[in-house]
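Survey of secondary and tertiary structure
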Amino acid sequence: MNKKPQLGEFLRTRRAQLQPADVGLPDFGERRRVPGLRRDELAQLAGVGLSYYTRLEQGSSLNASPEVLEALARALGLDEVERAHLHDLASAPRRSTTRRRPAPERTGDTTRQLVDALGDAPALVLGRRSDVLAWNRTGHSLFAGHLDPQIPEEPDRRPNMARLVFLDAHTRDLFVDWPKKARNVVGKLRLAAGRHPDDPRLASLIGELTMKSPEFAAMWAEHGVRKWALAAYRMHHPVVGRMELNLQSLDVPQEEGQRIVVATAGADTASAAALSLLARLDTPTAPRTGHAETEDPMPTVTQSPR
């Protein structure tokens, strides 16, 4: 990832989303050459010099103080997640520029114990790039029953949730609310890119998705950031049908960027019954050949012995 333009691109996209009336400025009905606020208007609102702000947005000044960033965040009306992302982008150039291929992420023993303790509740562990690091049996059946259940154990073959959402037909059909899921995925990747601008694996993933998915490219260009702890989705599973599920995201202590995602349904609902049925079914291991995330075989599901 090219670190230098990210701060300026983020500021430009947020500036373009604001109209003068949104921040109490008169527009006098004039025809504006650019969408949203002009640079001078934002600089005035933030109390910074126009020339300084212009250099900041163009990437020629990379030493914005925390006070200036806070002033810009207030002027732009950023929320807590966007504010933190702005600080991450501004601090990136000051970090070490040594590019080392990071070691594959792994799931700690205590995290695996927690996933096991969830029993039949579908759960998976995602890394900072949205790689699937682990899942329980029901989590595999819900999210990716068409894939080999063992591949999270192999770093070079691990499925990636962002790649699945944008490039895998099975996963796309799984989420009835696909645009909502897609934007949440992109927003998480944006946060990761701000915090880890020198991660070559992350840069490679973003480049691949940008080239292969016009929808990802369009959403990525919006510079939206998301950090969700609870999201409700309508899902359509090929075996147990329609469900309305809550996906809860729990940060893993001492493992930066890792999170456990758990699916639940309201008590005594059809969705809860569908999850219960899914927990009683076995999904056979998928073939180990080919690129699993771009294949879409219909899983064959059989009743496990009782």
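Below is a summary of the structure that appears in this document. (Residues numbered from 1 in each chain as written. Predicted model: local features only at pLDDT ≥ 70, side-chain atom pairs only at ≥ 80, totals over all residues. Heavy atoms only, no water.)

Notes on the nonpolar core
Selection criterion: Among buried residues, the Ala, Val, Leu, Ile, Met, Phe, Trp, Tyr and Cys ones that are joined through side-chain atoms within 4.5 Å form a nonpolar core. Burial classes follow relative accessibility: with a 1.4 Å probe on protein chains only, a residue under 20% of its type's maximum area counts as buried, one over 50% as exposed, and anything between as partly exposed. Elements are defined by DSSP. Helices are runs of H or I of four residues or more, strands are runs of E of two residues or more, and each kind is numbered from the N terminus. Working rule for contacts: check all heavy atoms of both residues, and any pair within 4.5 Å makes them a contact.
Ranked by internal contacts, the top residues of the largest apolar core, which has 44 residues, are Leu142, Phe166, Leu189, Phe216, Met235 and Leu247. The biggest single contributor to this core is helix H10 (residues 178–195), with 7 residues. The residues touching leucine 189, leaving out its near neighbours within four places in the chain, are Arg129, Ser130, Ala162, Leu202, Leu205, Leu209, Phe216 and Trp220. The next biggest cluster of nonpolar side chains, apart from the first, holds 25 residues, and it includes Leu7, Phe10, Leu18 and Leu72.

Structural notes on unusual backbone geometry
Despite not being glycine, serine 130 has its phi angle at roughly 70°, a positive value. The residue serine 130 is located in the loop between strand S1 (123–126) and strand S2 (132–135) in this model. Positive phi, close to 60°, is recorded for histidine 223, a residue that is not glycine. Along the chain, histidine 223 turns up in the loop between helix H12 (214–221) and strand S3 (230–237).

Brief notes about the pattern of salt bridges
Charged atoms that come close allow side chains of opposite charge to pair. In plain terms, the rule: For this analysis, a salt bridge means a side-chain nitrogen from Lys or Arg found within 4 Å of a carboxyl oxygen belonging to Asp or Glu.
The full count for this structure, using the stated rule, is 19 salt bridges. Across the pair arginine 195 and aspartate 88 runs a salt bridge, and its minimum N-O distance is 3.5 Å. Note that arginine 195 is positioned in helix H10 and aspartate 88 in helix H5 (residues 80–91), a separation of 107 residues in sequence. A residue is classified by how much of its surface remains accessible, and arginine 195, at 36% relative accessible area, is partly exposed. Overall, aspartate 88 belongs to the buried group, its relative accessible area being 16%. Among the charged side chains, a network of salt bridges with common partners joins Glu105, Arg128, Arg129, Asp131 and Asp199.

Describing the packing of helix H11 (residues 200–212) against H12
Each pair of packed helices can be described by the angle between their axes along with the distance between the axes. Let me state the cut-off plainly: Only the contacting stretch of a helix is used when fitting its axis, a line to C-alpha atoms as for every element, and angles between N-to-C directions run 0 to 180 degrees. If an angle is under 35 degrees, it is roughly parallel; if it is over 145, roughly antiparallel; if it lies from 65 to 115, roughly perpendicular; otherwise it is oblique. Residue polarity follows a fixed list, in which Ala, Val, Leu, Ile, Met, Phe, Trp, Tyr, Cys and Pro are nonpolar, Asp, Glu, Lys and Arg are charged, and the others, Gly among them, are polar.
The contact between H11 and H12 brings their axes to 5 Å, and the two run at 120°. In terms of their interaxial angle, H11 and H12 are classed as oblique. The residues of H12 that touch H11, namely those facing Ile206, Leu209, Thr210 and Lys212, are Pro214, Phe216, Ala217 and Trp220. By residue class, the composition of the contact of H11 with H12 is 6 nonpolar, 1 polar and 1 charged.

Quick look at the pairing of S1
Heads up, the rule is: Strands were regarded as paired on the criterion that DSSP finds at least two bridges between them.
Going residue by residue along S1, you find Ala123 and Val125 tucked away on one face and Leu124 and Leu126 tucked away on the opposite face as well. Sheet analysis places S1 next to strand S5 (residues 259–264), joined by 4 bridges and oriented antiparallel. Paired with leucine 124 across the strands is valine 261, a residue of S5. Bridging between S1 and S2 involves 3 bridges; their strand directions are antiparallel. In the sheet register, leucine 126 faces S2, and the bridge partner there is valine 132.

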